[in-house]
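If you want the building blocks of each chain, they are given just below.
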Amino acid sequence: MYESYFGLSQRPFAAAPNPEFYIATRSLDAARQTLVRCIERAEGAGLVVGPAGTGKSLLCQIVAKHFRGQFQVCHLAGARLGTRRALLQNILFELKLPYRDMDEGELRLSLIDHLEPRSGGPSGLLLLVDEAHMLPLRLLEEVRLLTNIVRDGQSRVRNVLV
């Protein structure tokens, strides 16, 4: 109905956020700029907090789009993870790497091996964890520990918790 009346090419007000319809409001754009600076400078984990419906998931997609090419981007969106193994499997799945029939140690080693610097390759991994408040504390610690993967004085993993 809206599409034909207003001459739109897509349905407006979709339930899933779409970065093509991003409008840089003052607060959302300030958060985006802060996250970009935090990631570029490797200043530690970025943290975004806000009530439902304020654009946090859209912000994740905007940041992911900004850094594709510079980093491999892994966007864990609302995954209900209960174990370290499940977390590592989800990361490897997002990176399109093998993740089945491996124990936790093998999964971790596979990720560490994948993050080794390669000439002309990405600068590491950008891990965006949407709905991070749903993770148990032990998994938040595992996400933090991933930043300890350091090569040439730079962390190979940058984290954003939303």
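Description of the structure in this document. From a predicted model like this one, the values you see are computed outputs, not experimental measurements. (Residues numbered from 1 in each chain as written. Predicted model: local features only at pLDDT ≥ 70, side-chain atom pairs only at ≥ 80, totals over all residues. Heavy atoms only, no water.)

1. Topic: the pattern of salt bridges
Where charged atoms from two side chains of opposite charge approach closely, those side chains can pair.
At step 1: Taken as a whole, this structure holds seven salt bridges when the rule is applied.
At step 2: The salt bridge partner of glutamate 142 is arginine 84, with a shortest N-O separation of 3.2 Å. Highlighted residues: glutamate 142 in helix H6 (residues 137-146) and arginine 84 in helix H4 (residues 84-94), separated in sequence by 58 residues.
At step 3: The partly exposed category is assigned to arginine 84, whose relative accessible area is 30%.
At step 4: Across the pair glutamate 116 and arginine 151 runs a salt bridge, and its minimum N-O distance is 2.6 Å. Highlighted residues: glutamate 116 in the loop between helix H5 (104-114) and strand S3 (125-130) and arginine 151 in strand S4 (residues 150-151), separated in sequence by 35 residues.
At step 5: A relative accessible area of 29% means that glutamate 116 is categorised as partly exposed.
At step 6: Three or more residues joined by partner-sharing salt bridges are found here, namely Arg84, Glu104, Arg108 and Glu142. (Salt bridge = Lys/Arg side-chain N within 4 Å of Asp/Glu carboxyl O. Helix = DSSP H or I, 4+ residues; strand = E, 2+ residues; numbered from the N terminus. Buried < 20%, exposed > 50% of the residue type's maximum accessible area, 1.4 Å probe, protein only.)

2. Structural notes on the packing of helix H2 (residues 26-40) against helix H3 (residues 56-67)
At step 1: At a minimum axis separation of 10 Å, H2 and H3 run at an interaxial angle of 40 degrees. Relative to H3, the element H2 lies oblique. Classified by chirality, the crossing of H3 by H2 is right-handed. Two secondary-structure elements touch here, H2 through Leu28, Ala31, Arg32, Leu35, Val36, Ile39 and Glu40 and H3 through Leu59, Ile62, Val63, His66 and Phe67. (Axes fitted to C-alpha atoms, helices over the stretch in contact; angles between N-to-C directions. Parallel < 35°, antiparallel > 145°, perpendicular 65-115°, else oblique. Left-handed = near helix turned anticlockwise from the far one by under 90°. Contact = heavy atoms within 4.5 Å.)

3. Thoughts on the pairing of S3
A regular strand places its side chains so that they alternate between the two faces of the sheet.
At step 1: In terms of burial, S3 is a largely internal element, six of the six residues being buried.
At step 2: Residues of S3 alternate between two faces, with Leu125, Leu127 and Val129 on one and Leu126, Leu128 and Asp130 on the opposite face, all of them buried.
At step 3: With six bridges connecting them, strand S2 (residues 72-77) and S3 associate as parallel partners. Note on S3: the bridge partner recorded for histidine 75 is leucine 128.
At step 4: Taken together, the five bridges between S3 and strand S6 (residues 157-161) define a ladder with parallel strand orientation. Each bridged residue has a counterpart across the sheet, and for leucine 128 the counterpart in S6 is valine 160. (Pairing = 2+ DSSP bridges.)

4. Considering the nonpolar core
At step 1: Counting 26 residues, the largest nonpolar core has Ile91, Leu111, Leu125 and Leu127 as the members making the most contacts within it.
At step 2: Elements that contribute at least two residues to this core include exactly S2, H4, H5, S3, H6 and S6.
At step 3: Counting residues per element, this core draws most heavily on H4, which supplies five residues.
At step 4: Ignoring anything within four residues of it in the chain, the contact list for leucine 125 reads Phe71, Gln72, Val73, Cys74, Ile91, Leu95, Leu111, Leu115, Arg156, Val157 and Arg158. (Core = buried A, V, L, I, M, F, W, Y, C linked by side-chain atoms within 4.5 Å.)

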